[in-house]
Amino acid sequence: MFATLPDLLRLLVVPVFGWAAIRDVRTRRLPNRLWPPLYLFGALLLIWEAVSLWPFAGFDGRIFLVRAAISLLFVAPLGYAFWYLGAFGGADAKAMIALAVIFPTFPAYELAGLTVPLVDTQLGVFSLTILTNTVLLGLAYPVGLAALNLVRGEASPSMFFARPVATDSLPDRHGRLFEDPDGPTRGGLDLDALRMYLRWRGLTLADLRADPEGLRDPGSVGETFNPTDGGAHVGPRTDGGRAVDDVPTDGGRAVDAEAKTDRNFDDPWAAERFLDDIDHGAYGTDAATLRDGLDVVAREDRVLVSPGMPFVVPMAVGLLVSLTYGDALFAVLGAVGLV
């Protein structure tokens, strides 16, 4: 393989993103300590190349500056903007910023007489190519979800966005409820927020489903616990070290049989108290969404869940596609004569 030493070193990022994608699928969590070393690594490579091209007098030097500026001043802030607007998670934005710093320009690798990436672009900003390839791969996800639903005989208007699952399986799943008591909705309860609520009360989902009317009474909330961040990878123990399965199913306070009738409460499920009590948000969940979600999971044996797409996964695949094939969008536009 023939390439510049900085471009060869950039390949070390590929297994890092592969690991991040696997962990993101399993836990939907990536450690914050992952990103600063990548930022530093990219900055050192950038400085290395800048020094080799100093004083940027020729064409190569000037075009390097332009491409690096676009990557650092447009692509990197774009990742932050997507996070700010809610289109990205925090880890997704940090990953995009890392790629903008590490891959400002197109690398080139020659192997067995073949030079990759195969498809370059006129602009030549490699981080932008990674982003467009990632978006194209992300757009294929709803199609794949619909195909999976069709294979399972679960055709429905929502099959591109969600699939039915057993309610009892929710503690180990990631995503968002795609329904509320009135039917399908894209604004359903985040499953991480559901786990936060259950841990806060010291309950399991089975406890909640066994006595929904009693636990709907806000007066049934007794001792509360650390809600954690709602991740499925967090163990089932409460903050006090007591196993969730060992706490009373009435949330720590006895509930009279007559109190289990369906009544109107000032704060059903103690949803507002939960959100006021935790020291951070619950993934944008408000009290009404939490109540609706709890009503659904308490009464339904199967629910619609939108599994969501951890964006680092198509980003890792998009990085591989970019390093080998190149810019897929540019190739398509070229094939139809638009570039």
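One can find the structure itself at the top, above this paragraph.
Residues numbered from 1 in each chain as written. Predicted model: local features only at pLDDT ≥ 70, side-chain atom pairs only at ≥ 80, totals over all residues. Heavy atoms only, no water.

Caption draft 1: Representation of the pattern of salt bridges within the structure. Within the structure shown, the criterion is met by 13 salt bridges. Of the charged contacts, one joins Arg302 and Glu154 as a salt bridge, the two residues approaching to 3.3 Å between their closest N and O atoms. With a gap of 148 residues between them, Arg302 in strand β7 (residues 302-306) and Glu154 in the loop between α6 (126-151) and β3 (163-166) connect regions that are remote in the sequence. On the basis of relative accessibility, which here comes to 46%, the residue Arg302 falls in the partly exposed class. When the shortest N-O distance is used, the salt bridge between Glu213 and Arg299 registers 3.5 Å. Of the two residues, Glu213 sits in helix α9 (residues 212-216) while Arg299 sits in helix α11 (residues 287-299), which places them 86 residues apart along the sequence. Judged by relative accessible area, Glu213 falls into the buried class, the value being 18%. A single salt-bridge network, built from bridges that share partners, covers Arg29, Asp192, Arg195 and Asp229. (Salt bridge = Lys/Arg side-chain N within 4 Å of Asp/Glu carboxyl O. Helix = DSSP H or I, 4+ residues; strand = E, 2+ residues; numbered from the N terminus. Buried < 20%, exposed > 50% of the residue type's maximum accessible area, 1.4 Å probe, protein only.)

Caption draft 2: Geometry of the packing of helix α4 (residues 59-84) against helix α5 (residues 90-102). For the pair α4 and α5, the least separation of the axes is 8 Å and the interaxial angle reads 175°. With respect to their mutual orientation, α4 and α5 come out roughly antiparallel. Contact with α4, carried on its side by Ser71, Leu72, Val75, Ala76, Gly79, Tyr80 and Trp83, involves Gly90, Ala93, Met96, Ile97, Ala100 and Val101 of α5 and no other residues of that element. Each residue belonging to the contact of α4 with α5 can be placed in one class, and the counts come to ten nonpolar, three polar and no charged. (Axes fitted to C-alpha atoms, helices over the stretch in contact; angles between N-to-C directions. Parallel < 35°, antiparallel > 145°, perpendicular 65-115°, else oblique. Contact = heavy atoms within 4.5 Å. Nonpolar A, V, L, I, M, F, W, Y, C, P; charged D, E, K, R; others polar.)

Caption draft 3: A look at the sheet that holds β3. Within the open sheet, the three strands sit side by side as β3-β7-β4. Their pairing is antiparallel. Either end of the sheet is taken by a strand with one partner, and the two such strands are β3 and β4 (176-177). Sheet analysis places β3 next to β7, joined by four bridges and oriented antiparallel. Opposite Pro164, over in β7, you have Leu304 as the bridge partner. (Pairing = 2+ DSSP bridges.)

Caption draft 4: Inspection of α6 at higher detail. Compared with the 38 Å implied by 1.5 Å per residue over 26 residues, the 37 Å span of α6 between its first and last C-alpha is a close match. Buried within α6 we find Phe126, Ser127, Thr129, Ile130, Leu131, Asn133, Thr134, Leu145, Ala146 and Asn149. Tucked inside the fold, the buried residues of α6 contact α4, α5, β3, α12 (312-324) and α13 (328-335). Among the residues trailing α6, Gly153 stands out with phi positive, at a value near 70°. (Expected span 1.5 Å × (residues − 1).)

Fair warning: the whole summary comes from geometry, so function is off the table for now.
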